[in-house]
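Take a look at the letters that make up each chain.
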Amino acid sequence: MNPANLEFSRPEQTKYTFDVVIAGGGFAGIYAAKALAAKLGSSACTRVAIVAEQNFMLFQPMLAEVAGSSLSPTHVVNPIRALCKNVTVIRGSIASVDLDARRLEVKTGDFSGSVAVNFEHLSLAIGGVVDLSRVPGMAEHAFLLKNVGDALRLRMAIIDRFEEAAVTPDPAERRRLLTYVVVGGGYSGVEVAGQIIDVCREIVRYYPSVPTDSFRVVLAHSGKQLLPEISGSLGRYCEENLRSRGVEIMLGVRASAMTSGKIFFGDHIVLAHTVVTTVGNAPNPVLLKLIKDYSLPSEKGRVLTDSTFRVEGRDRLWAAGDCAAVPMPKTKPLSPTAQRQFCPPTAQFAMRQGKLMGENIAAALENRGRGRPFKFSGLGELAAIGHRAAVAEIMGLKFSGFIAWIMWRTIYLSKLPGLERKIRVMIEWTLDLFFPRDISLLESRPTQVIKESFCTAGDMLCHAGEPAFFFYIVKSGRIELFNADNTPSRSVLPGDHFGERALLNDQIWHVTAIAAEDSTVVAIGASAFESVLGADASIREFLLKTASNAAMDPEKTAQELAIR
Ligand SMILES: Cc1cc2nc3c(=O)[nH]c(=O)nc-3n(C[C@H](O)[C@H](O)[C@H](O)COP(=O)(O)OP(=O)(O)OC[C@H]3O[C@@H](n4cnc5c(N)ncnc54)[C@H](O)[C@@H]3O)c2cc1C
């Protein structure tokens, strides 16, 4: 067969051209698109495009409630096409930005490949990302709270641990299963810790074999006070409230490493399988590359703008929201944030910046001058801490407890885009007052065919006699293998592997594997391992050989392979 005869060429890349392209469909992007649509009228449809990785806008402030089974995930998202009816929507991931050619390359999917989007004005609203690389093991083992998938995964994990604890007779292992650690004592951290303790207290009654005092929620924060963004008295209220409900609070500590069963805070170790991290906010890599390639002015990874959202020194380049360092207006301080040099990365700023940026771009398109400067300096801060309690500092006034919780719900409900979503959330919140939380594990665990795992000295990867599900490749460190009678078998060093003998033969471990030092291993699931063997004869031969070297009958292995 001649490959040249095959029909394999992709169609030529589709090209689009717009006056304004908004990169990002979060708070800043959506409000900018809406403002442009309002100013430009029906012509916005062909003149303005919004490019976003997801086809929905996510309302992050309610994510903790999704994780705590108080809200359905579909209620905290809104389709961009429904929110911005009068602009063109391109769902895709921005792969590159060429400011000189005034063009974006957008990856739109497996079948459509990528499209080129030309622009006259580019407005950056791509938010930030999470980077956990500074804490070894955290990226592999921690739960995040950044998107709906994260919240759903966390919700499942909270309930799943109770299911496992219900059949775990060993009190120490049950305690580890039911220990939930939240890293970060800012808004998201206290909100999620409050939700988790509420879930635990509420659902423990469904598990008669689980003693009511066997769960533990730990909130670890590097600062001396929770919620550093608001006043000391409200931070203390939050701390007292959470402690009174059973949350253990560790202040002045930093996570230094984690494995699948422990988290280290320097010398202090907490045994837990479930760690949620709300720290590690980092600049979007697309933005970092842009800043580097074009020497754009920046402040801690955010692109620097003037008060009208123009990026200094760049014609027709705009930015707003979490990815932009917008100077904080020098107005009378009404909230703690007003004393900052740059606007904080919060939704209340992003949506207002987006709206004004849209209006200013419309003014530029119509040659109506530079537009208006950003004057908003914040109304205040709000954080729900679970159990119908919240803390709030609004226009200099402090509120806490139930009244603050009512304020939190009213204000966030009013900010949730779309009447339909508002009504759905209101109904769900009302039902929540009368009915218990749902503990159904809706999604089965996705089959993780390949995963990277960090382990510290002494961690056991597998035990002789147990069923084998993975083939391991050691990436760093050293793993020691022991025979079933605990006599040393061999050391596995970086680049070396083990597990083929078990997977090729009876799928039972014949060795016990223990990390001799801090190590990273790549685990390949049994089905993926079989696919690799089926796809490449030389790899199969090689692994058969290494398996037979590991003291087994090669003929028997070959026979079994042929049967499968
Ligand atoms: C759990 C949590 C709780 C929060 N609670 C609050 C709160 O109570 N109050 C508050 O004010 N703020 C809160 N925030 C912060 C708030 O959500 C952010 O400040 C806000 O979302 C910033 O808006 P943005 O538009 O700048 O970015 P985002 O909302 O993050 O939107 C970024 C957009 O860019 C898109 N994007 C990114 N990269 C690409 C790419 N390469 N190609 C295409 N599109 C891309 C994304 O898909 C997304 O549409 C919370 C945040 C979190 C994570």
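Residues numbered from 1 in each chain as written. Predicted model: local features only at pLDDT ≥ 70, side-chain atom pairs only at ≥ 80, totals over all residues. Heavy atoms only, no water.

Just checking my understanding: could you explain the environment of Leu544 for this structure?
Relative to the elements of secondary structure, Leu544 occurs in helix H16 (residues 537–549). On the accessibility criterion, Leu544 (14% relative accessible area) is buried. (Helix = DSSP H or I, 4+ residues; strand = E, 2+ residues; numbered from the N terminus. Buried < 20%, exposed > 50% of the residue type's maximum accessible area, 1.4 Å probe, protein only.)

Hey, could you run me through the nonpolar core in this one?
General note: in soluble globular proteins, nonpolar side chains tend to be found buried as a group. Among the nonpolar cores identified, the biggest contains 134 residues, and Met62, Leu104, Leu122, Leu124 and Phe162 are the most heavily contacted of them. For Leu122, the residues in contact, after removing those within four places along its chain, are Val21, Ala23, Val97, Leu99, Leu104, Arg316, Leu317 and Trp318. (Core = buried A, V, L, I, M, F, W, Y, C linked by side-chain atoms within 4.5 Å. Contact = heavy atoms within 4.5 Å.)

Sorry, what's going on with the pairing of strand S29 (residues 488–492) here?
Consecutive side chains along a regular strand alternate between the two faces of the sheet. Pairing analysis gives 4 bridges linking strand S28 (residues 479–483) to S29, with the strands arranged antiparallel. By the bridge assignment, Glu480 is partnered in S29 with Ser491. In this structure, the hairpin formed by S28 and S29 is closed by a connection of 4 residues, where Asn486 is found at a positive phi of approximately 70 degrees. (Pairing = 2+ DSSP bridges.)

Help me understand the packing of helix H1 (residues 27–40) against helix H11 (residues 347–365), please; the structure alone is not making it clear to me.
When two helices pack together, their arrangement is given by the angle between the helix axes and the distance between those axes. Between H1 and H11, the least distance of the axes is 7 Å, while the angle of their chain directions is 35 degrees. Both H1 and H11 take part in a crossing whose hand is right-handed. Taking contact as the criterion, the partners of Phe27, Ala28, Tyr31, Ala32, Ala35, Leu36, Lys39 and Leu40 in H1 are, on H11, Ala347, Ala350, Met351, Gly354, Lys355, Met357, Gly358, Glu359, Ile361, Ala362 and Leu365. Residues of the contact of H1 with H11, tallied by class, amount to 14 nonpolar, 2 polar and 3 charged. (Axes fitted to C-alpha atoms, helices over the stretch in contact; angles between N-to-C directions. Left-handed = near helix turned anticlockwise from the far one by under 90°. Nonpolar A, V, L, I, M, F, W, Y, C, P; charged D, E, K, R; others polar.)

Looking at this model, I keep getting lost on the confidence of the model for the protein chain. Mind explaining?
Interpretation of this model should avoid reading the predicted coordinates in detail wherever pLDDT is low. Of the residues in the protein chain, 92% have a pLDDT of 70 or more, and the chain-wide mean is 89. Scored below 50 in pLDDT, residues 1–10 makes 5 contacts in the model with residues more than four places away or belonging to other chains. The low-confidence segment residues 553–564, where pLDDT is below 50, has 17 contacts with residues more than four positions distant or belonging to other chains. At the level of chain-chain contacts, confidence expressed as ipTM amounts to 0.98, with global pTM at 0.81. (pLDDT = per-residue confidence, 0-100.)

How do you make sense of the environment of Gly109 when you look at a structure like this?
Following the sequence through the fold, Gly109 ends up in strand S7 (residues 103–109). Residue Gly109 is classed as partly exposed on the basis of its relative accessible area, which comes to 33%. Linking Gly109 and Ser93, residues 16 residues apart in sequence, is a C-alpha distance of 8.7 Å.

Explain H11 here, please?
Since one α-helical turn is 3.6 residues long, residues separated by three or four positions face the same way. An ideal rise of 1.5 Å per residue puts 27 Å on 19 residues; H11 measures up with 27 Å between its terminal C-alpha atoms. Taken across its 19 residues, H11 has 16 buried, putting it largely inside the fold. The first or second residue beyond H11 is Asn367, which carries a positive phi of 50 degrees. (Expected span 1.5 Å × (residues − 1).)

Would you mind showing me how to read the site of the ligand here?
For the ligand, the set of nearby residues contains 28 residues, the closest of which are Ala28, Gln54, Ile94, Asp322 and Ala347. Asp322 places a main-chain nitrogen or oxygen 2.8 Å from an oxygen atom of the ligand. Relative to its unbound accessible surface of 990 Å², the ligand loses 89% to contact with the protein. If one sorts the elements of the shell around the ligand by residue count, H11 sits on top with 3 residues. Split into classes, the residues belonging to the shell around the ligand amount to 13 nonpolar, 13 polar and 2 charged. (Near = heavy atom within 4 Å. Polar contact = N/O pair within 3.5 Å; in protein donor to acceptor, adjacent residues only side chain to side chain. Areas by Shrake-Rupley, 256 points an atom, 1.4 Å probe, with all protein chains shown as cover.)

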